[in-house]
Amino acid sequence: MPSLFQQIKSGQLWDFHGGIHPPARKKLTSQVAIGQISLPERLYIPLRQHIGVAGKLLVKAGDTVLKGQALTAADNAMAIPVHAPTSGKVLSIEAYPSAHPSALPEPTLVLEPDGLEQWRPRHALDYLHTERPHLLARIQQAGIAGMGGAGFPTHIKSGASTGVDYLIINAVECEPYITADDVLMQHEASTIVRGIDILCKLLNPKAVLIGIEDDKPLAITAMQQACAGKADYLVRVVPAKYPSGGEKQLIKLLTSKEVPNGRRPLDIGIVMQNVGTVFAIAQAVEEDIPLISRIVTVVGQTLQHSQNIRALIGTPVGALLDACGFAPEPQQRVIMGGPMMGFTLPTLQIPLVKTTNCIIAPTRHELPAAGPEMDCIRCGACAEVCPAVLLPQQLVWYAKAKDYDQLKAHNLADCIECGACAYVCPSEIPLVQYYRVAKAEIRELAREELKAEQAKARFEARKERLERDKQQRAERNQALAAQRQSMLAEQQKQQILAAQQRQEQQPQETLSKEQIIAERERKKAEARAYQAAKAEQAEGSPAATAETPAADPRAAAVAAAIARAKAKKQADAVAHEPTPADSAPAEAAPATTAAQPDAETDPRKAAVAAAIARAKAKKQAETASPEPTPAESAPVAPAAQPESDTDPRKAAVAAAIARAKAKKLAEQAAATDTSAPDQTNPDQTAPVESAPEVAVPEATPDTTAPDPAAAKKAAIAAAIARAKAKQQSKPTEPEQPS
Amino acid sequence: MSFRIASSPHHHSLAQTPALMRTVALAALPGIAAQLYFFGYAVLIQIVLAMLTAWASEAAMLKLRGKPVLVRLKDHSALVTGLLLAIAIPAVAPWWIVVLGTAFAIVVVKQLYGGLGHNLFNPAMAAYVLLLISYPQQMTSWLPPTQLQHHAVTGADPICLVFSGYSCQGFSVAQIKADVDGKTMATALDTLRNDLTAGKTVTESLQQPVFDSYAGLGWSWINLGFLLGGLFLLQRRVIQWRIPVALLGSLTLLSLLAWLADSDRFASPLFHLFSGGTMLAAFFIATDPVSASTTTKGRLIYGALIGALVFVIRSFGGYPDGWAFAVMLANLSVPLIDAYTKPRAYGHRPGI
């Protein structure tokens, strides 16, 4: 039993499943001389013409470029540049219909040739004395991508460092009509062989297999002559059958090997290159000619003369057709690529790209359009011809039913979309189209599944976080409640003590001035102590503060609201009596209210107190004895009030009120153009600091602000203050949510 | 100007379902000609009746289902169904038998399952089974070949028989079937079966006038006719070789083994191959792609299963011939066969 290598060496061929024999129609162009066309007026060069990413743009509109000058730079492995096919001026870089079945616009450089054909400086390389990385870099910089149709970056395929047994040169060209590779081999066989030499230096394979279909006798002879004396270069003549030029099919045909599902040919020691690509490699290395032109078959019965044309990349299809005497019929089809796998063009503006090997402009009679789709009769003709050994009749059934599991089980992903099944289908079912749609849907589904999974993970993380926050809040609230209760008890004790003292002191009919001052001082001290305690509390649980920002801003907002309310009251007083000095007595009123929360059970009382305060303020204003503003009294109020506002609901209400007010103020401000915005902003973005610190600076400027709308504001503020007083007067049991 | 947008491939082999169906009808001609020769032109009346019924019921059902009537009618699948049923039933069966059968085949077996391509059972065979079970007398009213007829069926007799049940002279089908001695003559398979039941050996039975040298008189020619048509279909690639070859192969093999074991009790493989509806079933009925297995391996199994079932029914069952039952049972196993004979796709070989 000879080894596989011996079998291959001896010229044995294998066969792959299925395949069809459509009329080849290659004689139309295979022996016609390669044509040239005059420079088109504009060249449209898509920035990305391969599988991968576009390079970085190097030129801008208005630049003058030389022939062969790189227009983009390959800044990573999957990028390959595009070059100016001729010298001229860059007109623009814009979205332009692409050479893709969708014809969706893509960034394209528009070049106006100057007709001078001025080359950039070129540097030929001697591949024998060039390092491997340099050769690969040259291939990449020359912008070479697989020219058989897929457009995979050639330098990546050629850069495989180990374990290449066979280098296969794909010169099969199995699709009907196309003869671009055929004529290339007829005319450039020696250059192609030099390209193979370069690839052999890069890949070091055991043997090179050059697969050519038996309907290209001239090309076969030319290649055999060019390969004479190269023992390892084996020209393999394969029987004409579509799609023997498919990568996997040709591998099976020449080596009996199958590329395992989901792997690459390199995994079984095979690298395949299209013969056009090999030619481009030779040109790039030996003459430093980047990939700026290619041979394209322009064929069809609507053309006066079908031929192969060596055309510049970026030439509009219309220019190519016109050069061949294009006389379109109504509802003309123009196909880019072969009749089996090519795609129709919606417009002739679409440019020739690196992967375009054929343009067909057939008559209706030549390539009749598919008739109406009929029901599948399960004749199985499709399964007989499928080169991937699938069951197209079952796949189309499942594709119509959107049964994605069965589609996967029937290996839809292995479909190479060669079109053999649709070609033989007696019911003229567009099978390939169904598979394309199903594949796209499966891809979309997978994307959605991934998205759903991520969303689920996000949701669960959020749920966990909320749960954790809730727990932490509860713990903190418990701790706070305990502290507050102990403090309350202390307070009560002190109050009782104070009451007893007062009772003891009552008999003494008049209090001395010193005593009153002392009493005031004591109360102030109390308030300060309480404030300090509060600040300590806030600092005591810094972690909680950081993790639950929701609680603190609320407190801050509440405090701010209160401060504003108070400020409004002061402003009220100011409005009645526009003397800034009056603020001091006005402040005294809220201070008292706040300092004696126990006594305040009646909202009316609060109102009365406020009225008295105002009256007093007026009186004082009349006497015009300005007192310095005791800043301490301001913080007292907000400090005391949050105590009763720890109820989240209350806090929320207060916050809502504050917001509403802020809005109103903003509206008024908008109307009157005042300093109101200054107020609203700090309200909404109240920092997470202890309440009094925020409140004080806010309250102070407020009082002195010469607000034209102050009267209105003051009225609102008074109403809010009343509401707040009411709230405070509510029974205290909801204060402790724990 | 606007260009026509189409999805690849842009080329088509021009093999189309209507053409395939026409070829099938064409290929049935030699067999029909032999029937005509041995059993008179009644078979033509049946074919015309069946085709008209098939066409009418298909059109009515398409209309009811809101499908484009004319487009679908043009696939000719209904006509082929009617044709096959008309060939399969006795030529002088009453007219309503073929009308009922065809209507059932099209309306219930085909259209109610979703139309062409969706039916689980072969419509012609399902209808045949319905008729055979419901109207056994009419469905076994095969006349002896014209050469053996005591009361010759001539002139307008076939028309009278089909539409009234009596010949123009007033003989009933039963009377025409009787031989000179007044004994009822049946088909070769019926005769053999009755003889074997009566204790005769195969060799003794074959002495009877309904047999020629190795199979039923006339029936061997009819089978040859259908064989010829089948080979034509193979040559035109309308059918593939797997089902007929597997079917005939398994039938031959089993009957050969049985015959070698006991040639008195079992008929020869040749008798099996050229009696009853063997060739018609092998090339025209079992190859109906819709209800057959769709994988290459599965088709071998499917054909072999039918062949084996026919042998078993013929040799041990209650009916003299068993094509319809065999095909329907095999139809039932198709989803299972398909599921287990999925081909190994490229690159899915284990261990590579």
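Residues numbered from 1 in each chain as written. Chains lettered and ligands numbered in written order. Predicted model: local features only at pLDDT ≥ 70, side-chain atom pairs only at ≥ 80, totals over all residues.

1. A short note on the overall build of chain B
Note the threshold: Under the scheme used here, helices are H or I runs from DSSP no shorter than 4 residues and strands are E runs no shorter than 2 residues, and both carry numbers assigned from the N terminus. To sort residues by burial, count the other C-beta atoms lying within 10 Å of each one's C-beta; a count of 20 or more means buried, 12 or fewer means exposed, and anything in between means partly exposed. C-beta atoms are built from the backbone. Placing C-beta atoms from the backbone, we regard two residues as in contact once those atoms come within 7 Å.
Summing up its helical and strand segments, chain B has 18 helices and 0 strands in all. Out of the 352 residues in chain B, the part that is buried amounts to 53%. Relative to all contacts within chain B whose residues are 6 or more apart in sequence, the contacts with residues 24 or more apart total 73%.

2. Looking at the overall build of chain A
Within chain A, the secondary structure is distributed over 24 helices and 17 strands. Counting over 738 residues, chain A shows a buried share of 46%. Within chain A, residue pairs in contact and separated by at least 24 positions form 75% of the contacts whose partners lie at least 6 positions apart.

3. Here we look at helix α13 (residues 219–235) of chain B
Count 3.6 residues to each turn of an α-helix, and residues three or four apart come out pointing the same way. Residues and elements named next belong to chain B. Threshold: To estimate how far a helix should reach, multiply one less than its number of residues by 1.5 Å.
Taking 1.5 Å of rise per residue, the 17 residues of α13 would be expected to cover 24 Å, and the 24 Å separating its terminal C-alpha atoms lies within 8% of that figure. Every buried residue belonging to α13 is among Trp219, Ser220, Trp221, Ile222, Asn223, Gly225, Phe226, Leu227, Gly229, Gly230 and Leu233, and all of these are buried. In the segment just after α13, Arg237 is the residue with positive phi, at about 60 degrees.

4. Some words on the sheet that holds strand β12 (residues 270–274) of chain A
Note: strands within a sheet are paired through backbone hydrogen bonds, in either parallel or antiparallel orientation. Residue and element names in this part refer to chain A. We apply this condition: For two strands to be treated as a pair, DSSP must find at least two bridges joining them. Lines are fitted to the C-alpha atoms to define the axes, a helix being fitted only along its stretch in contact, and any angle between axes, read from their N-to-C directions, falls within 0 to 180 degrees.
Reading across the sheet, the 4 strands line up as β11-β10-β9-β12 and stay open at both edges, with parallel pairing between neighbours. A single partner strand is all that each edge strand has here, and the edge strands are β11 (233–238) and β12. On average, each strand axis in the sheet is tilted by 25 degrees relative to the strand beside it, whichever way the strands run. In this structure, strand β9 (residues 166–171) lies alongside β12, joined through 5 bridges in parallel fashion. Considered in β12, the bridge of Asn170 is made with Asn274. Of the strands in this sheet, β9, β10 (207–213), β11 and β12 touch helix α5 (residues 180–203), which is tilted by about 160 degrees from β9. Of the strands in this sheet, β9 and β12 touch helix α8 (residues 275–287), which is tilted by about 80 degrees from β12.

5. Here we look at the packing of helix α5 (residues 77–88) of chain B against helix α6 (residues 95–111) of chain B
All names here are of chain B. Stated formally: Relative orientations are named as follows: roughly parallel for angles under 35 degrees, roughly antiparallel for angles over 145 degrees, roughly perpendicular for angles from 65 to 115 degrees, and oblique for any other angle. We call a crossing left-handed when the near helix sits turned anticlockwise from the far one by less than a right angle, and right-handed when that turn is clockwise. Residue polarity is assigned by list, with Asp, Glu, Lys and Arg as charged and Ala, Val, Leu, Ile, Met, Phe, Trp, Tyr, Cys and Pro as nonpolar; anything else, Gly included, falls into the polar class.
The N-to-C vectors of α5 and α6 enclose an angle of 140 degrees; their axes lie 10 Å apart at closest approach. As far as their axial angle goes, α6 and α5 are oblique. For the crossing formed where α5 meets α6, the hand is right-handed. Residue-level contacts link Ala78, Thr81, Gly82, Leu85 and Ala86 of α5 to Val98, Gly101, Thr102, Ala105 and Ile106 of α6. Residues that form the contact of α5 with α6 fall into these classes: 6 nonpolar, 4 polar and no charged.

6. Section: the nonpolar core
Stated precisely, the cut-off is as follows: Throughout this description, the term nonpolar core refers to a group of buried Ala, Val, Leu, Ile, Met, Phe, Trp, Tyr and Cys residues whose C-beta atoms join them within 7 Å. Domain start and end points were adopted from an automatic or database domain assignment.
Grouped together as the largest cluster of nonpolar side chains are 146 residues, with contacts concentrated most on Met223, Leu320 and Ile359 of chain A. The biggest single contributor to this core is α5 of chain A, with 12 residues. Taken together, domain 1 (4–332) and domain 2 (370–501) of chain A each give at least three residues to this core, which thus spans both. Aside from chain neighbours lying at most four places away, what touches Leu320 of chain A is Ile37, Val296, Val298, Ile309, Ala311, Thr315, Leu352 and Ile359 of chain A. Grouped together as the second largest cluster of nonpolar side chains are 99 residues, Val43, Met61, Leu192 and Leu309 of chain B included.

7. Focus on the confidence of the model for chain B
Note the cut-off: pLDDT measures how confident the predictor is about each residue, on a scale from 0 to 100.
Confidence along chain B averages 85 in pLDDT terms, with 89% of residues attaining 70 or more. Interface confidence for the predicted complex, expressed as ipTM, amounts to 0.83; the pTM equals 0.70.

8. As for the interface of chain B and chain A
Often, the extent of an interface is quoted as the loss of accessible area on bringing the components together. Taken together, the contact between chain B and chain A spans 35 residues of the former and 52 residues of the latter. Of the residues in the side of chain B that touches chain A, the class split is 15 nonpolar, 15 polar and 5 charged.

9. Re unusual backbone geometry
A cis geometry characterises the amide bond from Tyr242 of chain A onward to Pro243 of chain A, with omega recorded as 0 degrees. Tracing the sequence through the fold places Pro243 of chain A in the loop between β11 and α7 (247–255). Geometrically, the link from Ser8 of chain B to Pro9 of chain B is a cis peptide bond, its omega value of -5 degrees lying close to zero. Looking at where Pro9 of chain B falls in the secondary structure, it is placed in the segment before α1 (17–27). Within the chain, Gln331 of chain A stands out as a residue other than glycine whose phi angle is a positive 55 degrees. By the element assignment, Gln331 of chain A lies in the loop between α9 (317–323) and β15 (335–336). When the 11 C-beta atoms within 10 Å are taken as the criterion, Gln331 of chain A is described as exposed. The phi torsion at Glu428 of chain A lies on the positive side, around 50 degrees, for a residue other than glycine. Within the element layout of this structure, Glu428 of chain A appears in the loop between α13 (420–424) and α14 (431–505). Using a count of 19 C-beta atoms within 10 Å as the deciding quantity, one classes Glu428 of chain A as partly exposed.

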